[in-house]
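Each chain, letter by letter, is given below.
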Amino acid sequence: MGSVQIVTTILAAAITAVAVWLAVRAVLKMTAVIRLGQPAPERFTDKGARTKTMLVETAGHTRMLKWGVVGAAHWFVMVGFIVLSLLVLEAYFEVVTPTGGLPIIGHWTIFGLATEVITVLGLVGIVVLMAIRLRNRPNRPGGRSRFTGSTMWQGYFVEWIVLLVLIFGLLIRGFKVATDHFEYPFWATPVSHAVGAVLPDWQDGTSVAAVIKIIISMTWLIVISLNVTMGVAWHRFLAFPNIFFKREPARPAGSGLGALRPMTSQGKPLDFEEADPEKDQFGVAHVEQFSWKGLLDFSTCTECGRCQSQCPAWNTGKPLSPKLLVLSLRDHAYAKAPYLLAGGGKDLTGEEKATQAQLAHLDVLALAEADKPLIGTAEEGGVIDPDVLWSCTTCGACVEQCPVDIEHVDHIVDMRRYQVLIESSFPSEAGVMLRNLENKGNPWGAPQNTREDWTKGLDFEVPRVGEVDDFEYLFWVGCAGAFEDRAKKTTRAVATLLNEAGVKFAILGEGETCSGDPARRIGNEFVFQMLAQQNVETLNEAFEGREKAKRKIVATCPHCFNTLGNEYGQLGGEFEVVHHTQLLAHLVSTGKLTPVQPVDGGVTYHDPCYLGRHNRVFAAPREVLGDAIEGDLTEMPRNSERSFCCGAGGARMWMEEKIGKRINVDRVEEAMATGAKTVAVGCPFCSTMLNDGVNGKGAGEQVEVIDVASVLLRSVKPEQPQGGKETAPVG
Ligand code: SF4
Ligand code: SF4
């Protein structure tokens, strides 16, 4: 060992010892913070499916590749990080002796070839990612950026480290080539040979380049260890467990969509017949009341801003960004952690759990952080502003886009639950809706005995459950479908088409009550459970004696469709629920319905969030429209998985939209820009919001917003009197 190697070996050993010590300390700290969360025993089921999903999502980059170039570039960088860690290990042999290398595999040509290819592709990938970050930097002139609010130095730091490690990897190989100590053939390592051709024949060059590579790598480890909230770096490790423990491992995308997590206390679902707010946790009032998976979610955020770029609230000037919400919760959790780890925290009656002695030596900043209300205005020192919390439409665009499967909607609703159930703090205008749900069983407060009014004037009888037993489908009309004028036209169109196709169906009529979706999404789990239990009982009675496959329900409202199909199972109601567009598509494809006159003038389709993203029904409405219209469907730029919310979900339908641009106006402008005369929808709330948007723009005479069923009816029964969009009895 020469003098240069003595120095490089000491340097490598010293910096590695410091880095490893700091990294171990950081991992212990992060683990301690995550363990502060509440139990989540359901995350340990289906280990086989979880492992498979984790491997498919990470190795296949299934989520990232939806973003084309970024996804591909990130894949090479990720593979580079994993495989080229072996080359960092090899550098420890090279600082000791310039001719050193990894034992066994270091002599394999295939190893030389693989690392060469990954190095080159990793270099291309990181340069692309750096260019994308620079092009989207928040301070660039004009335009909004998905990186707004991200900690930019951390992103640049990580990217430069990757670039430098790759460059020094090539220099090490180059010096080995130049000194004739490189054992891989030219055909397997042409770039290394090309680098070697321009480097001097310097024997110690390999050891010097190797120690620089180690210093760069360990500097990265030291910096991230001193910054445990640096998700842009830590996600390299945390993404694996975060994906493994996601809520629904079998779901291809967007675990955390569809059903909401039931309200839990100590990891057990809460039953309101026995729940006691002094003994049970009602929603989330303090950051440690999230489950440990919630705290893992916050720690894993990469700050990539994909969620932010798709969020309808953020894109219309509201203060909510799902990314910034997650970052606020993460920073608060880590800043409050010393207080919690010292035994601090409030019990369910609001009393401090720690003794004065336990808190005596705590940092004043941790104590100040512990005093912050989780939900509160800037003046109150709140972590999350109420305007942020109530701006969410629960559209799920953030969950759908998140590459590391963070479950934003569950976290937002958990915080809403505490605000509604314990603090009675929510936008006051929504109070009318909640009172109507409790007293009348529907958000509009309409009399229950008018639920069947939509059937009047139809030229056939609509059978009720109880009057007939041999129905195939129970037609779940929903509150909008029964009481709201535009939605009633959809209900009548669907009933007419089912009748035309010879489908045996029946309605519950006055036996139906609100599915509970708006109550659950605003956070009133108590009212949700009350309504849902009543409906489950009614439906179980209606389907008595039938196996699950024959307990078929068709719903026109995607919110009912989602709640009945995905959430009633939590309360003992197992049904096969389809959306009306799915049933209509089936009836057309099997020849039971025949479109005879194509609807002209151009048609575009708006994907309802609770049909599309939350339940992945993208094709059926398009198939129906494809059969019913002239020419091809005109897609809006934001469609299918990336569709833009109408603004009504998450009970926002019953709240005023006082901040920023109206979401429905933004969507209507996009729809109108397609030039289509008809905007087809598949949801009564979307219909209301988009109709309001069109009318607000004074375009009511030029553009019509109608349900897919109404479009189909016009094509199947063109002789049916249509009579203009406001007066049409059907469709
Ligand atoms: S659910 Fe929709 S509105 Fe809510 S934070 Fe996510 S993207 Fe924004
Ligand atoms: S998409 Fe996921 S990882 Fe990216 S910023 Fe949003 S929450 Fe974080």
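Up top is the structure these notes are about.
Residues numbered from 1 in each chain as written. Chains lettered and ligands numbered in written order. Predicted model: local features only at pLDDT ≥ 70, side-chain atom pairs only at ≥ 80, totals over all residues. Heavy atoms only, no water.

### Thoughts on the nonpolar core
Phase 1 of the analysis: Core analysis: the biggest nonpolar cluster contains 171 residues, and Met415 and Leu539 have the highest contact counts within it.
Phase 2 of the analysis: Broken down by element, this core gets its largest block of residues, 11 residues, from helix α7 (residues 205–226).
Phase 3 of the analysis: Those residues in contact with Met415, other than ones at most four positions away along the chain, are Val284, Phe290, Leu325, Leu329, Leu374, Ile375, Ile384 and Leu389.
Phase 4 of the analysis: Counting residues in each nonpolar core, the second largest holds 23 residues, with Met64, Val79, Leu102 and Leu166 among its members. (Core = buried A, V, L, I, M, F, W, Y, C linked by side-chain atoms within 4.5 Å. Buried < 20%, exposed > 50% of the residue type's maximum accessible area, 1.4 Å probe, protein only. Helix = DSSP H or I, 4+ residues; strand = E, 2+ residues; numbered from the N terminus. Contact = heavy atoms within 4.5 Å.)

### Here we look at the packing of helix α20 (residues 485–501) against helix α28 (residues 708–716)
Angle between the axes and distance between the axes: these two values describe a pair of packed helices.
Phase 1 of the analysis: Relative to each other, α20 and α28 sit at 45°, their axes nearing to 9 Å. Taken together, the axes of α20 and α28 are oblique relative to one another. As α20 packs across α28, the resulting crossing turns out to be left-handed. Note on element contacts: α28 touches α20 through Ala709, Ser710, Leu712, Leu713 and Val716, opposite Lys489, Thr490, Ala493, Val494, Thr496, Leu497 and Glu500. (Axes fitted to C-alpha atoms, helices over the stretch in contact; angles between N-to-C directions. Parallel < 35°, antiparallel > 145°, perpendicular 65-115°, else oblique. Left-handed = near helix turned anticlockwise from the far one by under 90°.)

### Digging into the site of ligand 1
Phase 1 of the analysis: Around ligand 1, the surrounding shell consists of Cys311, Pro312, Leu320, Pro322, Cys392, Thr393, Thr394, Cys395, Gly396, Ala397, Cys398 and Val409.
Phase 2 of the analysis: The residue inventory of the shell around ligand 1, partitioned by class, reads nine nonpolar, three polar and no charged. (Near = heavy atom within 4 Å. Nonpolar A, V, L, I, M, F, W, Y, C, P; charged D, E, K, R; others polar.)

### Concerning the pattern of salt bridges
Phase 1 of the analysis: Here the structure, examined in full by the defined rule, presents 47 salt bridges.
Phase 2 of the analysis: One salt bridge in this structure joins Glu42 and Arg43, with 3.7 Å as the shortest N-O distance.
Phase 3 of the analysis: We classify Glu42 as partly exposed; its relative accessible area is 35%.
Phase 4 of the analysis: For Arg43, a relative accessible area of 3% gives the class buried.
Phase 5 of the analysis: A single salt-bridge network, built from bridges that share partners, covers Glu42, Arg43, Arg261, Glu407, Asp414, Arg417, Asp517, Arg520, Arg521, Glu525 and Glu567. (Salt bridge = Lys/Arg side-chain N within 4 Å of Asp/Glu carboxyl O.)

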